[in-house]
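Commentary on secondary and tertiary structure
Next come the chains, spelled out residue by residue.
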Amino acid sequence: MSPLPPPGAPLQHYVSNAPFDPIATESMTAASSRIHLASQKQLMWWKFKQHRLALASGIFLLVVYLMILVIEFLAPYGLHTRNVDFIHSPPQPVHFFDKGEFVGPFVYGRTMQLDLDTLRRVYTDNPNDVQPIRFFCRGDSYRFWGIVQSDLHLVCPSQAGQMYLLGTDRLGRDVLSRILYGARISLTIGLLGIAISFVLGIVIGGLAGYWGGVFDLIVQRVIEVLQSLPSLPLWMALAAIMPVTWSPIVIYFGITVILGIIDWTGLARAVRSKLLALREEDYVQAAQLMGASTPRVIARHLVPGFMSHLIASATISIPGMILGETALSFLGLGLRPPITSWGILLTEAKSVSVIAFYPWLLFPIIPVVLVILAFNFLGDGLRDAADPYK
């Protein structure tokens, strides 16, 4: 034990040169240390994984959007391939066993007879005509993304056979192939529309929340007027403005712009409310004092503070745009043939008599419902993960 210094003598101080270890100051388990040292992105990912339905929905949407890149390869038939011998043919079930023996995936051939009393085509399976389904086969020719010529398909009917797993329409076209081709338009129109809506919502809402004053007052009155108008009649009015002489591609982009222009109001108000709360923070005032311009303050300091909220809002807004395109196309005011979307496919089932006799023409509504539900579940999961500390 070292002797005490005499009274009045200065105390000796010792400084350790070892690096400071914050974990050593308190005892933590490996699990608590992993959470304590995790970044906010890691915490958000762990919180998102706990929402199993949102995780499954995200995987489903990722697979669906990857599929639209290779639709020509996945579809068993071409978009406009017709078979006049199988008009309004009902779906063909897939079998694996024939007469007690395993054959593999196949469909039975069909014969058609015209019912003279009802003038309906009656199709009957022929159990003696086994038509195996081919995989990675040669079928209808197509131009992949309009560039590469090919005829390779994932699945094809047997040689000189037919395979209509979801039936055919009034022109003898395969419903399954047309649903796959329609996914490319219906799904991408939501992404393009939300991109336009995001630009308008962030710019207009951001300036209104950052500047305030007269500009904010004008923006809020404009938003109130747009939100007071019924959505469907407004869509119909704007869609009717487009000339019928426009090409289908121009109409596609026109519908996208319409959906984006109408949907920006809700996002603009959300951005405005966030900026009103964040613009008084110290780091924002410090950026202003350092001479940062208004666009830089909004883009570099304010928007990243609630980017997670914007992502969650986008996943909830995309379904509305998909439904908007479907509704406009169903009413004949949206996209027009030869462009194919889920809304255009549903125009085949407008009348009650068609639904009663050919209910498989309603199959395009199934992917619409699944995608809408998946986006809503994904939005719920992202909204919960946006605040991982709750």
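Residues numbered from 1 in each chain as written. Predicted model: local features only at pLDDT ≥ 70, side-chain atom pairs only at ≥ 80, totals over all residues. Heavy atoms only, no water.

**As for the overall build of the protein**
Helix and strand counts for the protein stand at 14 helices and 5 strands. Buried residues in the protein amount to 39% of all 390 residues. In the protein, of all internal contacts separated by at least 6 residues, the share reaching a separation of at least 24 is 67%. Total accessible area computed for the protein in this model is approximately 22,100 Å², and 67% of it derives from carbon and sulfur atoms. (Helix = DSSP H or I, 4+ residues; strand = E, 2+ residues; numbered from the N terminus. Buried < 20%, exposed > 50% of the residue type's maximum accessible area, 1.4 Å probe, protein only. Contact = heavy atoms within 4.5 Å. Areas by Shrake-Rupley, 256 points an atom, 1.4 Å probe, with all protein chains shown as cover.)

**Regarding the sheet that holds strand β3 (residues 120-132)**
The strand order β1-β2-β3 describes an open sheet built from 3 strands, whose pairing is antiparallel. Of all strands in the sheet, those with a lone pairing partner are β1 (95-98) and β3, marking the two edges. This sheet shows a mean twist of 55° between the axes of neighbouring strands, independent of strand direction. For β1 and strand β2 (residues 101-115), the ladder comprises 3 bridges, and the chain directions are antiparallel. Counted as the bridge partner of Phe 97 is Phe 102 from β2. (Pairing = 2+ DSSP bridges. Axes fitted to C-alpha atoms, helices over the stretch in contact; angles between N-to-C directions.)

**Here's the deal with the packing of helix α5 (residues 175-211) against helix α6 (residues 213-228)**
Where α5 meets α6, the closest approach of the two axes is 7 Å, and the angle between their N-to-C directions is 140°. When the interaxial angle is binned, α5 and α6 end up oblique. Considering how the two elements wind past one another, α5 and α6 form a crossing that is left-handed. Counted together, Ile 204, Leu 207, Ala 208 and Trp 211 of α5 and Gly 213, Phe 215, Asp 216 and Val 219 of α6 form the full contact between these two elements. The class makeup of the residues in the contact of α5 with α6 is 6 nonpolar, 1 polar and 1 charged. (Parallel < 35°, antiparallel > 145°, perpendicular 65-115°, else oblique. Left-handed = near helix turned anticlockwise from the far one by under 90°. Nonpolar A, V, L, I, M, F, W, Y, C, P; charged D, E, K, R; others polar.)

**Looking at the state of the cysteines**
All chains considered together, the criterion is met by 1 disulfide. Residue pairing for Cys 137: its cysteine sulfur links by disulfide to Cys 156, the two sulfurs lying 2.1 Å apart. One quick way to see it: the torsion about the S-S bond of Cys 137 and Cys 156 is about 105°, and its sign makes the bridge right-handed. Of this pair, Cys 137 sits in strand β4 (residues 134-144) while Cys 156 is found in strand β5 (residues 148-156), placing the two residues 19 residues apart along the sequence. Since its relative accessible area comes to 1%, Cys 156 is described here as buried. (Disulfide = S-S within 2.5 Å.)

**A word on the UniProt feature "transmembrane region" (unreviewed entry) in the protein**
UniProt annotation of "transmembrane region" (unreviewed entry) refers to residues 53-75, 187-212, 232-262, 310-335 and 355-378 when read in the numbering used here. Counted over residues 53-75, helix gives 83% and strand 0%. Its end C-alpha atoms are 28 Å apart. Between the C-alpha atoms that bound residues 232-262 there is a distance of 11 Å. The span itself is 81% helix and 0% strand. (UniProt positions renumbered as here; feature names shortened; annotations may be inferred.)

**Things to note about the packing of aromatic side chains**
By the definition in use, this model includes 11 aromatic pairs. When the ring of Phe 73 is compared with that of Phe 136, the centres are 6.1 Å apart and the planes differ by 40°; the resulting orientation is tilted. Of the two residues, Phe 73 sits in helix α4 (residues 71-74) while Phe 136 sits in strand β4, which places them 63 residues apart along the sequence. Relative accessible area serves as the criterion here: at 58%, Phe 136 is assigned to the exposed category. Both rings, one in Phe 86 and one in Tyr 123, keep their centres 5.9 Å apart while their planes meet at 15°; by these two values the pair is stacked. (Phe/Tyr/Trp six-rings, centres within 6.5 Å; stacked < 30°, edge-to-face > 60°.)

**Things to note about the side chain of Asp 169**
Within the secondary structure, Asp 169 sits in the loop between β5 and α5. Residues in contact with Asp 169, not counting those within four places in the same chain, are Ile 87, His 88, Val 175, Arg 178, Glu 348 and Leu 361.

**Some words on empty space enclosed by the protein**
The tally for this structure, following the rule as stated, stands at 1 cavity of 30 Å³ or more. Taken as a whole, the largest cavity spans an internal volume of roughly 70 Å³. Lining the largest cavity we find Asp 169, Val 175, Arg 178, Leu 345, Glu 348, Leu 361 and Pro 364. Here the lining of the largest cavity is built from residues that sort into 4 nonpolar, no polar and 3 charged. (1 Å grid on protein atoms, 1.4 Å probe; cavity = no way out; pocket = protein on both sides within 12 Å on 5 of 7 lines; lining within 4 Å. Points joined across faces, edges and corners; volume = space filled by probe spheres on them.)

**Considerations on the packing of α5 against helix α10 (residues 294-302)**
In contact at an axis separation of 11 Å, α5 and α10 are set at 105° when each is read in the N-to-C sense. When the interaxial angle is binned, α5 and α10 end up roughly perpendicular. Between α5 and α10, the contacting residues are Gly 206, Leu 207, Tyr 210 and Trp 211 on the first element and Thr 294, Val 297, Ile 298 and Leu 302 on the second. Residue composition of the contact of α5 with α10, by class: 6 nonpolar, 2 polar and no charged.

**Details of α6**
Its 16 residues give α6 an end-to-end C-alpha distance of 23 Å, which sits within 8% of 22 Å, the value for a rise of 1.5 Å per residue. Where α6 is buried, its residues contact α5 and α8 (248-278). (Expected span 1.5 Å × (residues − 1).)

**Topic: the nonpolar core**
Counting 67 residues, the largest nonpolar core has Leu 187, Ile 255, Leu 302, Leu 335 and Trp 342 as its most contacted members. Per-element tally for this core: the top contributor is α5, with 11 residues. By size, the runner-up hydrophobic cluster in this structure holds 8 residues, among which are Tyr 77, Phe 86, Val 107 and Tyr 164. (Core = buried A, V, L, I, M, F, W, Y, C linked by side-chain atoms within 4.5 Å.)

**Here's the deal with helix α14 (residues 365-385)**
Between its first and last C-alpha, α14 extends 30 Å over 21 residues, near the 30 Å set by a 1.5 Å rise per residue. Regarding α14, the residues found buried are Pro 367, Val 368, Val 371, Ile 372, Ala 374, Phe 375, Leu 378, Gly 379, Gly 381 and Ala 385.

**Things to note about the pattern of salt bridges**
Oppositely charged side chains may form a pair once their charged atoms are brought near each other. Counting across every chain of the model gives 10 salt bridges. Between Arg 110 and Asp 125 there is a salt bridge, with the nearest N and O atoms lying 2.8 Å from each other. Taken as a pair, Arg 110 in strand β2 and Asp 125 in strand β3 lie far apart in primary sequence, 15 residues in all. Residue classification places Arg 110 among the buried residues on the basis of a relative accessible area of 14%. (Salt bridge = Lys/Arg side-chain N within 4 Å of Asp/Glu carboxyl O.)

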